[in-house]
Amino acid sequence: MTDRISLALVGIGKIARDQHIPSVAAGADFDLKAAVSRHGKVEGIENHEDFDAFLASRPAIRAVSLCTPPEVRFDMARKAIAAGHDVLMEKPPATTLGEAEALAELAAKAGVTLFATWHSRFALGVEPAKTWLAGRAIRSISIVWKEDVRRWHPGQAWIWEPGGFGVFDPGINALSILTAIVPGRILVENARLSFPANRRQPIAAEIAMRTFSGAPIVAEFDWRQEGPQTWDITVQTDQSTLRLSSGGAELFIDGIEKSAGPDREYAGIYERFATLIRARESDVDFQPLRLVADAFLCGERLEVEAFED
Ligand code: NAP
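These numbers come from a predicted model, not from an experiment.

Caption draft 1: Seen up close, the sheet that holds strand β7 (residues 138–146). Overall, mixed pairing links the nine strands, which are arranged β14-β13-β12-β11-β7-β10-β9-β8-β15 in an open sheet. Both edges of this open sheet fall to β14 (256–259) and β15 (299–304), since each of them pairs with a single strand only. Strand-to-strand twist across the sheet, computed as the mean angle between neighbouring axes with direction ignored, equals 15°. Here β7 runs beside strand β10 (residues 216–222); their pairing, made up of six bridges, is parallel. Paired with Val144 across the strands is Glu220, a residue of β10. Seen against the sheet, helix α5 (residues 126–133) touches β7, β11 (230–237), β12 (241–245) and β13 (250–253) and runs at an angle of roughly 165° to β12. On top of the sheet, helix α9 (residues 287–298) reaches β8 (186–196), β9 (204–211) and β15; it is set at about 65° to β8, its chief contact.

Set out below in structure tokens:
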């Protein structure tokens, strides 16, 4: 059996507890040795409160998984790379493209693995959708990503602040699937960003894009959806309709279900991270971040009703 890779988890919040800790425990590749978080603790392993002190005291831990909000990612990733660790970053990889690209360069120079994860790309229907679409003529794409921010991001003040991404925090997941299944560059044409009167990030957004060959793409992101939640991508080709539902977990072609099964997004992420580390490679695709940046660059700002958690 291959040796397990020693790992530290940084930022013990919702996603670390919901996904990273159970996925690492269930997988065969990593050995969770330490947690680094100012308040959060993980039972049964060593806990550190200060990231710099952790880096100085535990150089032998090989890999570091950053589960903090994007605002602090650049600084942490930069320091972890400089200390020689292989680094996994939760999405979004950074607050700006400049930061993200700088990290990729630093990792390449240092010879460490950098993995900018997009968990939705590991949803069950995404790879088969990519395979099915290859070589088919895309006519149009519609993305509807509507969820209840109170349910999925309770008390996360950072998400409403500059660098927190607002509704693009989930919306970037749709863009990560889009850029995985559609070949070639995707270009943003215009955007409408709805900011609540009392918030500094958008609660809703509409983006008009096109594929490189000219097919129109319309994306609607909204955080005010109560009741059933919608995470759908529909691709119209010249002959058929492909639909990815439930955030990419379910794939339908002309209404017939093509893939189903248990969720393996984070299991897939850690398998890929181990493969990258053992091959001494990185995986840094910033296209979804570029689309969000472009939407902010050319987007029209609308003010909407104040929003209270
Ligand atoms: P969260 O619940 O707020 O947890 C993040 C943790 O990071 C906090 O508990 C905090 O722990 C630590 N932290 C370090 N510096 C921080 C700062 N300046 N501000 C706030 N927290 C800081 O957030 P999350 O939902 O786990 O999201 C973390 C990342 O995972 C985000 O990039 C998000 O997009 C991504 N993600 C989230 C979900 C989800 O469903 N929530 C799903 C997929 C991906 P200490 O106070 O103990 O340091």
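Caption draft 2: The pairing of β8, seen in detail. Bridging between β8 and β9 involves eight bridges; their strand directions are antiparallel. Looking at the pairing, Leu193 lines up with Ala205 of β9. With six bridges joining them, β8 and β15 adopt parallel strand pairing. Within β15, the position partnered with Pro196 by the bridge is Val304.

Caption draft 3: Seen up close, the site of the ligand. As a matter of local geometry, the ligand sits amid 23 residues, with Ser37, His39, Lys91, Gln156 and Asp169 nearest to it. Side-chain polar atom of Asp169 to an oxygen atom of the ligand: 2.6 Å apart, as the coordinates give it. Taken by itself the ligand offers 870 Å² of open surface, and the protein chains cover 84% of this. Of the residues contributing to the shell around the ligand, the split by class is nine nonpolar, eight polar and six charged. Here the shell around the ligand spans two domains, since at least three of its residues come from each of domain 1 (5–116) and domain 2 (120–261 + 293–304).

Caption draft 4: How the structure looks around the UniProt feature "domain: Gfo/Idh/MocA-like oxidoreductase N-terminal" (unreviewed entry) in the protein chain. When the UniProt feature table is mapped to this numbering, "domain: Gfo/Idh/MocA-like oxidoreductase N-terminal" (unreviewed entry) covers residues 6–115. Within residues 6–115, the helical portion is 40% and the strand portion 23%, while the C-alpha atoms at the span's ends are 16 Å from each other.

Caption draft 5: Region of interest: the domain arrangement of the protein chain. On domain assignment, one finds that the protein chain holds domain 1 (5–116) and domain 2 (120–261 + 293–304). Distance from the C-alpha centre of domain 1 to the C-alpha centre of domain 2: 27 Å. With ten residues of domain 1 at the interface, the matching set in domain 2 holds ten residues. Of the roughly 800 Å² buried between domain 1 and domain 2 on both sides combined, carbon and sulfur atoms contribute 71%. Interface area lost by domain 1 to domain 2 is led by Lys14, Lys91 and Pro92, which between them contribute 49%. Our count for the domain 1 to domain 2 interface comes out at one salt bridge. Across the pair Lys91 and Asp169 runs a salt bridge whose closest N-O atoms are separated by 3.4 Å. For the interface between domain 1 and domain 2, the tally reads one residue pair in polar contact (both at pLDDT 80 or more).

Cut-off values and rules
- Residues numbered from 1 in each chain as written.
- Predicted model: local features only at pLDDT ≥ 70, side-chain atom pairs only at ≥ 80, totals over all residues.
- Heavy atoms only, no water.
- Pairing = 2+ DSSP bridges.
- Helix = DSSP H or I, 4+ residues; strand = E, 2+ residues; numbered from the N terminus.
- Axes fitted to C-alpha atoms, helices over the stretch in contact; angles between N-to-C directions.
- Contact = heavy atoms within 4.5 Å.
- Near = heavy atom within 4 Å.
- Polar contact = N/O pair within 3.5 Å; in protein donor to acceptor, adjacent residues only side chain to side chain.
- Areas by Shrake-Rupley, 256 points an atom, 1.4 Å probe, with all protein chains shown as cover.
- Nonpolar A, V, L, I, M, F, W, Y, C, P; charged D, E, K, R; others polar.
- Domains from an automatic or database assignment.
- UniProt positions renumbered as here; feature names shortened; annotations may be inferred.
- Buried area = accessible area lost by both parts, 1.4 Å probe.
- Salt bridge = Lys/Arg side-chain N within 4 Å of Asp/Glu carboxyl O.

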